[in-house]
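Listed here are the chains, written in short residue letters.
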Amino acid sequence: MWKLARYLRPYRRECILGPLFKLLEAIFELLLPTLMALMVNNGVARHDRAYVWHIGLLMAGMAVLGCASAFTCQFFAARASQGFGTVLRNDLFKHISSLSMRQMDAFGTETLTNRLTNDVTTLQTGAAMAIRLLVRAPFICIGAIVMALILNRQLALIVICATPIFALLLYLFTKYSTPLYRAYQKGLDHLAVVVRENLAGVRVIRAFAKVPQEKRRFADSNDSLTATALRLGRISALLNPLTTLVVDAAILFVLWFGGRMIGQGTLMKGEIIAFVNYITYILIAMVALSNLIILFTRCAASGRRVAELFAVQPDMEQAEGPVPEPDADAPAVELVHVDFSYGGGKALEDINLRVLCGQTVGIIGGTGSGKSTLVSLIARFYDTTGGEIRLGGVPIQKLPDDALRNLVCIAPQRTVLLTGTIAENIRMARRGATDTQVKAAAEIAQAVEFIEKMPQEYASRVERGGANLSGGQRQRIGVARAVLADADILILDDASSALDYGTDAHMRGALRRARAGRTTILVSQRAAAIRDADVILVLDNGRVAGFGTHETLQTGCPAYRDILATQA
Ligand SMILES: Nc1ncnc2c1ncn2[C@@H]1O[C@H](COP(=O)(O)OP(=O)(O)O)[C@@H](O)[C@H]1O
Ligand SMILES: [Mg+2]
């Protein structure tokens with residue numbers, strides 16, 4: 001966790017100057033009660049107006065300087081902590097992006113988002129508070145005791161006795177409240193999960209009449225949060241009267257003994273006022289210190305979560321150096337004894353496949369048979385757990401990332417659209433594409449018909465996640481995007497599942513014409529969608545159940561015949 005401190009290194013100057021200015025402010029503040037004592041003793045008691053004015057102006061000047069110092073410190077603290085947070089967030093984001101899909105799956109989107117936002121913000125606040133208070137609070141405590149000792153040794157004993165009692169009270173408070181704070185934070189996280197699931201799944205929840213159950217779930221989560229907050233509140237409520245009691249007792253003693261000393265002529269009135277002030281200072285500084293401890297325990301937890309993420313090394317090696325020349329005679333895609341598992345059982349087992357350049361391949365199989373898994377291996381979203389994948393004769397791990405993305409383009413089963421216009425979403429595949437090229441891609445994907453009916457055609461807005469489009473419309477934009485990339489190998493993963501048979505057939509016809517002579521992999525659950533492919537791979541339960549043309553499979557592959565029979 002301390003490794004994160006290196007993000008503060010560029011702000012070394014701010015981290016040193018900030019606390020120094022805060023110290024300056026503390027010194028001015030510590031001098032004020034003593035000046036007050038002088039004013040009362042020498043000015044007020046002797047009716048010396050000039051002296052009162054003199055000291056009064058000095059005090060005002062110090063207050064102004066203290067204020068300016070505090071401002072300067074605040075400025076440095078803000079600069080250092082905001083800069084620290086920004087760089088840390090950027091680095092963490094970069095790190096998350098470098099992780100493999102398998103590693104991201106293992107963490108889950110929610111915790112990644114939380115670590116990137118909440119945890120980094122907590123660390124940022126911690127850094128700011130450290131600059132402002134970490135040096136100042138103990139300095140004020142010690143300084144107040146020293147000033148008290150200088151004013152009057154005997155009375156200072158009262159201040160020295162009161163300090164450990166404050167410290168003990170605050171220690172007990174911190175000890176009992178910290179776990180509660182942690183529980184509260186956790187409860188807040190849980191509530192956030194319930195809310196997010198409900199808002200994201202609002203249609204399903206309403207459709208299945210789960211609203212009352214969900215309301216109860218929310219109420220339960222909220223109630224437990226309230227219970228924790230109340231316990232925390234009770235402890236806090238106790239702290240205030242207890243510390244006030246100690247302060248008042250200390251002041252009482254100061255007045256009692258001080259009064260007697262005045263009677264004996266060994267003390268002056270002004271000193272009593274100064275003592276009362278110093279006692280209050282110590283209390284305020286101690287409270288700041290205990291808040292700092294609570295904040296730092298939260299920072300420690302956040303720091304651990306962030307550091308844990310940084311400690312994960314990307315498990316997918318990226319190839320570097322020159323792009324290996326593909327072998328013109330080698331198959332476009334070749335899988336040799338490929339095994340794959342997501343962590344549990346095998347999702348794919350001993351897959352062998354040869355796709356020649358320019359061929360159209362159909363992949364068919366029931367849901368969960370491993371079709372999407374197979375094509376995501378060809379796009380290297382995951383590395384195989386066994387066997388090898390070669391593209392144009394080059395092992396897939398040897399291809400640098402951008403070369404691979406130029407070579408293979410996939411329209412995933414679930415189309416993800418980003419906020420922006422329709423044209424921007426299609427153009428994601430190729431930034432520099434002209435309007436004509438975008439339109440041609442939309443034409444092949446059979447998307448023109450609905451896009452041109454929209455009020456602003458290609459400039460129409462896509463809402464978050466494509467919420468204002470139907471499933472089939474989203475799919476067609478996804479296909480247009482993949483087609484526009486114009487990659488040597490195009491993969492469409494069940495990209496026409498939401499289309500009617502007619503549109504699906506039109507799309508396939510257009511694709512065949514546009515991609516003549518180039519490799520295309522079509523994944524589908526519908527036999528009709530792939531029957532015209534040059535070769536068909538039949539998957540069953542993660543294994544190859546058949547490979548060949550429609551005709552040969554029809555006679556030789558029982559699994560294929562079963563699929564045909566159920567879809568006849
Ligand atoms: N991200 C994932 N993590 C764990 N298991 C997965 C993941 N994606 C798919 N699976 C599992 O792998 C198997 C194959 O899934 P998939 O390739 O999506 O099948 P298909 O596309 O043929 O419907 C299924 O048993 C599924 O539960
Ligand atoms: Mg699938």
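Residue positions are given per chain, counted from 1 along the sequence in the order it is written. Chain A is the first chain written and ligand 1 is the first ligand written, with later ones labelled in order. Residue-level local features of this predicted model are given only where pLDDT is at least 70; pairs of side-chain atoms are given and counted only at 80 or more, and the full residue set underlies all totals for whole chains, interfaces and linings. Side-chain measures were taken over the full set of non-hydrogen atoms in the model, leaving aside hydrogen atoms and water.

Turning our attention to helix H13 (residues 435-444). Burial here depends on accessible area, computed with a 1.4 Å probe over protein chains only, as a share of the maximum for the residue type. Under 20% is buried, over 50% is exposed, and the range in between is partly exposed. Secondary structure counts use DSSP, requiring at least four H or I residues in a row for a helix and at least two E residues in a row for a strand, with both numbered from the N terminus. Taken residue by residue, H13 has Val438, Ala441, Ala442 and Ile444 as its buried positions. Along the axis of H13, the buried residues cluster in a sector spanning 160°; they form a single face. For H13, exposure combined with an orientation more than 90 degrees from the buried face picks out Asp435 and Thr436. The contact definition used throughout considers only heavy atoms, calling two residues in contact when any of these lie within 4.5 Å. Close packing links the buried residues of H13 with helix H12 (422-427), helix H14 (448-451), helix H15 (471-485) and helix H16 (501-514). Just downstream of H13, glutamine 446 is the residue with a positive phi angle, here 60°. The arc in question is traced by the directions running from the helix axis to the C-beta atoms.

A word on the site of ligand 1. Residues are classed as near a molecule or strand on a simple rule: at least one heavy atom within 4 Å of it. What surrounds ligand 1 is the set Asp105, Tyr342, Ala347, Gly366, Thr367, Gly368, Ser369, Gly370, Lys371, Ser372, Thr373 and Tyr382. Polar contact is the term for a pair of N or O atoms within 3.5 Å; when the atoms are in protein, one must be able to donate a hydrogen and the other to accept it, and sequence-neighboring residues count only if both atoms are side-chain atoms. A distance of 2.7 Å separates an oxygen atom of ligand 1 from a polar backbone atom of glycine 368. Throughout, the Shrake-Rupley method with a 1.4 Å probe supplies accessible areas, and for residues the shown protein chains are the sole cover considered. Protein chains shield 58% of the accessible area of ligand 1, which is 560 Å² for the free molecule. Among the elements that take part in the shell around ligand 1, helix H10 (residues 371-378) stands out by supplying 3 residues, more than any other.

A few words now on the sheet that holds strand E1 (residues 333-341). Judged by pairing direction, the sheet is antiparallel, and its 4 strands sit side by side in the order E2-E1-E4-E5 without closing on themselves. Looking along the sheet, the strands with just one partner apiece sit at the ends: strand E2 (346-355) and strand E5 (394-395). Strands qualify as paired when DSSP identifies two bridges or more between them. In the sheet, E1 pairs with strand E4 (residues 386-391) via 5 bridges, with the strands oriented antiparallel. From the neighbouring strand, aspartate 339 faces E4, where its bridge partner is glycine 386. Along the sheet, H10 makes contact with E1, E2 and E4, crossing E1 at roughly 120°. Angles run from 0 to 180 degrees between N-to-C directions of axes, and those axes are lines fitted to C-alpha atoms, restricted for helices to the stretch in contact.

For the rest of this paragraph, the subject is the sheet that holds strand E10 (residues 519-524). If you walk across this open sheet you meet the 6 strands as E6-E9-E10-E3-E11-E12, and the pairing is mixed. Each of the sheet's edge strands pairs with one partner strand only, and the pair in question is strand E6 (408-411) and strand E12 (543-548). Each strand of the sheet is rotated relative to its neighbour by a mean of 15°, with strand direction disregarded. The pairing of strand E3 (residues 360-364) with strand E11 (residues 535-540) spans 4 bridges and is parallel. What sits directly across from isoleucine 363, in E11, is leucine 537. Most of the contacts of H10 go to E10, to which it runs at about 155°, and overall it touches E3, E6, strand E9 (489-493), E10 and E11.

On the surface, Leu168, Tyr171, Leu172 and Tyr176 cluster together to form a nonpolar patch covering roughly 440 Å² of accessible area. With respect to the helices and strands, leucine 172 occurs in helix H6 (residues 153-200). Two joining distances apply to patches: 9 Å for like charges and 5 Å for nonpolar side chains (Val, Leu, Ile, Met, Phe, Trp, Tyr), and every residue must have over 30% relative accessible area and no salt bridge. Any carboxyl oxygen of Asp or Glu that lies within 4 Å of a side-chain nitrogen of Lys or Arg is treated as forming a salt bridge with it.

Look at the UniProt record and you will see "transmembrane region" (unreviewed entry) annotated at residues 20-39, 51-71, 133-151, 157-174, 238-258 and 278-296. Annotated as 100% helix and 0% strand, the span residues 20-39 places its first and last C-alpha atoms 29 Å apart. Secondary structure content for residues 133-151 is 95% helix and 0% strand, while the C-alpha to C-alpha distance between its ends is 26 Å. UniProt positions are given in the numbering used here, feature names are shortened, and annotations may be inferred rather than shown by experiment.

Now for the pairing of E2. Inspection of the sheet shows E1 paired to E2 by 6 bridges, in the antiparallel sense. Each bridged residue has a counterpart across the sheet, and for serine 341 the counterpart in E2 is lysine 346. Between E1 and E2, which follow one another and run antiparallel, lie 4 residues, and glycine 343 among them has a positive phi close to 135°.

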